[in-house]
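Report on the structure
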Amino acid sequence: VMVGLVTGKALVHAAGKPLVAVNHLEGHALSPRLSNPELEFPYLLLLVSGGHCQLLRVDGVGRYRRLATTIDDAAGEA
């Protein structure tokens, strides 16, 4: 994570652009609404992304409740 952040900071500094922080897990949590804009909150989400295997209740943008998580990230790596 730190390597990516430092690289990003160097690139935006060199380009004279602002750094915009993005939580990629939030992107995963909200992506079902891209294909189904009528999807209403709350909804249940299985998030499987690398080391992040979680069952989340998505109550709204920026409002999430983790219901369960794995200790072993094997499901996310599969």
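Residues numbered from 1 in each chain as written. Predicted model: local features only at pLDDT ≥ 70, side-chain atom pairs only at ≥ 80, totals over all residues. Heavy atoms only, no water.

Turning our attention to the overall build of the protein chain. Helix and strand counts for the protein chain stand at four helices and three strands. Overall, the protein chain shows an N-to-C arrangement of helices and strands of α-α-α-β-β-β-α. Out of the 78 residues belonging to the protein chain, those deemed buried represent 19%. Taking all contacts inside the protein chain whose residues are at least 6 apart in sequence as the whole, residues at least 24 apart take part in 20%. Taken as a whole, the protein chain presents about 5900 Å² of accessible surface, with 61% of it coming from carbon and sulfur. (Helix = DSSP H or I, 4+ residues; strand = E, 2+ residues; numbered from the N terminus. Buried < 20%, exposed > 50% of the residue type's maximum accessible area, 1.4 Å probe, protein only. Contact = heavy atoms within 4.5 Å. Areas by Shrake-Rupley, 256 points an atom, 1.4 Å probe, with all protein chains shown as cover.)

Of note, the bond from Phe 41 into Pro 42 is cis; its omega dihedral lies within 30 degrees of zero at -10 degrees. Relative to the helices and strands, Pro 42 is located in the loop between α3 (32-35) and β1 (43-49).

Counting seven residues, the largest nonpolar core consists of Leu 25, Ala 29, Tyr 43, Leu 45, Leu 47, Leu 56 and Val 58. Broken down by element, this core gets its largest block of residues, three residues, from β1. Beyond its immediate chain neighbours, meaning those up to four positions away, Tyr 43 contacts Ala 29, Leu 30, Pro 32, Arg 33, Leu 56, Arg 57 and Val 58. (Core = buried A, V, L, I, M, F, W, Y, C linked by side-chain atoms within 4.5 Å.)

Looking now at the packing of aromatic side chains. With the rule as written, the count across this model stands at one aromatic pair. On the basis of an interplanar angle of 15 degrees and a centroid distance of 5.7 Å, the ring pair of Phe 41 and Tyr 43 is categorised as stacked. Judged by relative accessible area, Tyr 43 falls into the buried class, the value being 9%. (Phe/Tyr/Trp six-rings, centres within 6.5 Å; stacked < 30°, edge-to-face > 60°.)

With that out of the way, let us pick up the confidence of the model for the protein chain. Reading fine detail from the predicted coordinates is not recommended where pLDDT is low. Predicted confidence across the protein chain gives a mean pLDDT of 87, with 86% of residues reaching 70 or more. The secondary structure element of the protein chain with the lowest average pLDDT is helix α4 (residues 74-77), at 57, and the one with the highest is α3, at 94. (pLDDT = per-residue confidence, 0-100.)

This part covers the side chain of Asp 59. Relative to the helices and strands, Asp 59 resides in strand β2 (residues 52-60). Taking the relative accessible area as the measure of exposure, Asp 59 reaches 19% and is therefore buried. Within polar-contact distance, the side chain of Asp 59 engages the side chain of Arg 57 at 2.4 Å. If near-sequence neighbours (up to four positions away) are discounted, Asp 59 is found in contact with Phe 41 and Pro 42. (Polar contact = N/O pair within 3.5 Å; in protein donor to acceptor, adjacent residues only side chain to side chain.)

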